[in-house]
Amino acid sequence: MTHVTLTINGEAHQAEVEPRLLLVHFIREVANLTGTHIGCDTTSCGACTVLINGTPAKSCTLLAVQVNGAEIQTVEGLEQNGQLHPIQQGFFEEHGLQCGFCTPGMMLVGKALLEQNPNPSEAEIRRAISGNLCRCTGYVNIVKAIDSAGKKMREPAATGAPTA
């Protein structure tokens, strides 16, 4: 057993784990945060995408011990104080949600993109989400949702956001 400490959505989580425990299983089974989905187990689909120290990573092929001490953000960490994050608001308003399986990973990839590039082109958005598969094939609305979130994030003060 190996001791692992992760900060997930600002909260410390510690556990003695098997060294081969995947990060996605630590998040879902130790931290009890089930918004991170398990899709393909081969990094192909991106349903398990989380942010590790602000960078998107597929948690189905990383061991929890490999990211010991890291800051992890999952989809549950987007909403703050009852206010949807602009990326959540964008997915809501632009119908970026379909079956919802890919949505957590898409939102986190979109958030990371907008933090590095607040005004991405459609091509840049499509490149950013290229590692995440939408089984409903609804990429048009997902791209619109990320673009909409970027516009909201560039506004001086967001107003009128629906609450969670």
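Above this text sits the structure in question.
Residues numbered from 1 in each chain as written. Predicted model: local features only at pLDDT ≥ 70, side-chain atom pairs only at ≥ 80, totals over all residues. Heavy atoms only, no water.

Peer 1: Is there a simple way to think about the environment of Met106 in this case?
Peer 2: Tracing the sequence through the fold places Met106 in helix H3 (residues 103–116). Residue classification places Met106 among the buried residues on the basis of a relative accessible area of 0%. Along the chain, Met106 and Ala128 lie 22 residues apart, while their C-alpha atoms are 9.2 Å from each other. Setting aside its immediate chain neighbours within four residues, Met106 contacts Phe91, Ile129, Asn132, Leu133, Cys134, Tyr139, Ile142 and Ile146. (Helix = DSSP H or I, 4+ residues; strand = E, 2+ residues; numbered from the N terminus. Buried < 20%, exposed > 50% of the residue type's maximum accessible area, 1.4 Å probe, protein only. Contact = heavy atoms within 4.5 Å.)

Peer 1: Explain the packing of helix H2 (residues 86–93) against helix H5 (residues 139–154) to me, please; I cannot follow it from the model alone.
Peer 2: To describe two helices that pack against each other, one gives the angle between their axes and the distance between the axes. Put simply, H2 and H5 touch, their axes get as near as 8 Å, and they point 135 degrees apart. Classified by the angle their axes make, H2 and H5 are oblique. Seen from above, H2 lies across H5 with right-handed handedness. On the side of H2, the interface is formed by Pro86, Ile87, Gln89, Gly90, Phe91 and Glu93, while H5 contributes Ile142, Ala145, Ile146, Ser148, Ala149, Lys152 and Met153. For the contact of H2 with H5, a count of residues per class yields 8 nonpolar, 3 polar and 2 charged. (Axes fitted to C-alpha atoms, helices over the stretch in contact; angles between N-to-C directions. Parallel < 35°, antiparallel > 145°, perpendicular 65-115°, else oblique. Left-handed = near helix turned anticlockwise from the far one by under 90°. Nonpolar A, V, L, I, M, F, W, Y, C, P; charged D, E, K, R; others polar.)

Peer 1: Would you take a moment to explain the pattern of salt bridges for this structure?
Peer 2: Once the charged atoms of two side chains with opposite charge are near each other, the side chains can pair. The full count for this structure, using the stated rule, is 4 salt bridges. Residues Glu93 and Lys152 are paired through a salt bridge, measuring 2.9 Å at the closest nitrogen-oxygen approach. Of this pair, Glu93 sits in helix H2 while Lys152 sits in helix H5, and the two are 59 residues apart along the sequence. Across the pair Glu122 and Arg126 runs a salt bridge whose closest N-O atoms are separated by 2.9 Å. Linking Glu122 with Arg126, this pair stays in helix H4 (residues 122–128), spanning 4 residues, or about one helical turn. Residue classification places Glu122 among the partly exposed positions, given a relative accessible area of 48%. (Salt bridge = Lys/Arg side-chain N within 4 Å of Asp/Glu carboxyl O.)

Peer 1: Help me understand the pairing of strand E3 (residues 49–52), please; the structure alone is not making it clear to me.
Peer 2: Side-chain alternation along E3 places Thr49 and Leu51 on one buried face and Val50 and Ile52 on a second face that is also buried. Summarising the sheet, E3 and strand E4 (residues 55–58) pair through 4 bridges and their orientation is antiparallel. Across the sheet, residue Val50 finds its bridge partner in E4, namely Ala57. As consecutive antiparallel partners, E3 and E4 are separated by 2 residues, and within that stretch Asn53 has a phi angle of approximately 50 degrees, a positive value. (Pairing = 2+ DSSP bridges.)

Peer 1: Please explain the side chain of Gln88 as it appears in this structure.
Peer 2: Looking at where Gln88 falls in the secondary structure, it is placed in helix H2. In terms of polar contacts, Gln88 uses its side chain to reach the backbone amide nitrogen of Glu79, at 3.4 Å. Leaving out residues up to four positions away in the same chain, Gln88 has contacts with Val75, Leu78, Glu79 and Met107. (Polar contact = N/O pair within 3.5 Å; in protein donor to acceptor, adjacent residues only side chain to side chain.)

Peer 1: I tried to follow the environment of Gly69 on my own but got confused; where do I start?
Peer 2: Mapping Gly69 onto the fold places it in the loop between E4 and strand E5 (71–73). On the basis of relative accessibility, which here comes to 59%, the residue Gly69 falls in the exposed class. On a C-alpha basis, the gap between Gly69 and Thr7 in space is 7.1 Å, while along the polypeptide they are 62 residues apart. Those residues in contact with Gly69 that sit more than four places away from it in its chain are Thr5 and Leu6.

Peer 1: Would you explain the pairing of strand E1 (residues 2–8) in this entry?
Peer 2: Looking along a regular strand, one sees side chains alternate from face to face of the sheet. Sheet topology places E1 next to strand E2 (residues 11–17); 7 bridges connect them, and they run antiparallel. Bridge pairing in E2 places Val4 opposite Ala15. The turn linking E1 back onto E2 is made up of 2 residues, and Asn9 within it adopts a positive phi angle of 55 degrees. Across 2 bridges, E1 lies against E5 in parallel orientation. The partner of Ile8 across the bridge, within E5, is Ile72.

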